[in-house]
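A closer look at the structure
Letter by letter, the chains look like this.
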Amino acid sequence: MIRNKIVKGLFSAFLSIIISANILSASALESNESVNEAVEVVTGLGIMTETQSGSFDGETFVNRAQTAEILAVMYDVSNASFSGQSYFDDVSEKSKYFSSINTARAYGYMRGYTDGTFRPEQTITYSEALKCMLRVCGYSDYAVAVYGDSNEAVLRVASEIGITKGIAVEINSPITRNTMAKIIYNTLFVDIMEVSQVLPNGDATYTAMDGETVLERRMGIEVIKGRLNAVGPMSLLGGVVLDNSKLAVDDNVYINSSDYHYYDKLGYYGEFYVKT
């Protein structure tokens, strides 16, 4: 089923959201189990990586440069090469984030500041992270058109589509790696929204495509449910030997999309991330 939503092109609806002064800590999450699952998935898919300490360091903060790198992977443009001069005065061509930041600017999912800087080491706030995720799934323009250009509008739409599920959000606080992982995980399963029509009077029709998630549409990855019968050379199927990039779920062979090879899941029923 495809859901259509029509909004006025120049209309900003009055938005009234009361944010309690007693809101939970910005790093408060629903449960350790949900965080652990999110971390396992986003690291397995290569969206986030371990820090130099060799662990995930979930309570450290995420900066703007790291966010650009995350978004490049989610858009499946992590290998895009934008050579030449940097778009920003404070981003050196020698920076490990040079390509990711230039890609972020070129694709429009992150912007710099009016003084010509990107401020790569500046920690990103919850509202900024949510705004980036809305761009990933196509809801950014919709949020502005319906509710206006504000942090409260970003929070409202992100909440409506499930990006903030399991997270207590203080919109102006810096974001931790644990919470970024949870936000990313939630975003992966949001259906993409597109502008399907712009009418002569300026109204726009926004279409949420049921079943066309960020995970499938942006990253080309599908979640398969079934019994894991083989992972690379390890197999429960007589005579079946796969290469290291493949796995067999039930009777079907797939390309493994994850850095996690599921060896400890062999013989079990579960969910597995594969290339479509």
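Below you will find a few notes about this structure. (Residues numbered from 1 in each chain as written. Predicted model: local features only at pLDDT ≥ 70, side-chain atom pairs only at ≥ 80, totals over all residues. Heavy atoms only, no water.)

**Things to note about the pattern of salt bridges**
Scanning the entire structure with this criterion turns up 5 salt bridges. For R119, the salt bridge goes to D115, with nearest N and O atoms at 3.3 Å. Judged by its relative accessible area of 42%, D115 is partly exposed. Residue E212 is joined to R217 by a salt bridge in which the shortest nitrogen-to-oxygen separation is 2.6 Å. Overall, R217 belongs to the partly exposed group, its relative accessible area being 37%. One connected set of salt bridges, linked through shared partners, spans E194, E212 and R217. (Salt bridge = Lys/Arg side-chain N within 4 Å of Asp/Glu carboxyl O. Buried < 20%, exposed > 50% of the residue type's maximum accessible area, 1.4 Å probe, protein only.)

**Thoughts on a negative patch on the surface**
Together, E33, E37, E40 and D264 give the surface a local cluster of negative charge. For D264, the location among the structural elements is in the loop between β7 (252-255) and β8 (269-275). (Patch = residues over 30% accessible without salt bridge, like charges linked within 9 Å, V, L, I, M, F, W, Y side chains within 5 Å. Areas by Shrake-Rupley, 256 points an atom, 1.4 Å probe, with all protein chains shown as cover. Lys, Arg positive; Asp, Glu negative; His and termini not counted. Charge placed at Lys NZ, Arg CZ, Asp CG, Glu CD. Helix = DSSP H or I, 4+ residues; strand = E, 2+ residues; numbered from the N terminus.)

**With respect to the layout of surface pockets**
Considering only enclosed or pocket space, the largest pocket measures out at about 410 Å³ in volume. Around the largest pocket, the lining comprises 17 residues; the ones closest to its centre are T49, E50, E69, Y97 and R177. In terms of residue count, helix α2 (residues 64-74) provides more of the lining of the largest pocket than any other element does, 4 residues in total. Class assignment of the residues belonging to the lining of the largest pocket gives a composition of 7 nonpolar, 6 polar and 4 charged. (1 Å grid on protein atoms, 1.4 Å probe; cavity = no way out; pocket = protein on both sides within 12 Å on 5 of 7 lines; lining within 4 Å. Points joined across faces, edges and corners; volume = space filled by probe spheres on them. Nonpolar A, V, L, I, M, F, W, Y, C, P; charged D, E, K, R; others polar.)

No statement about biological role is implied by the geometric values presented.
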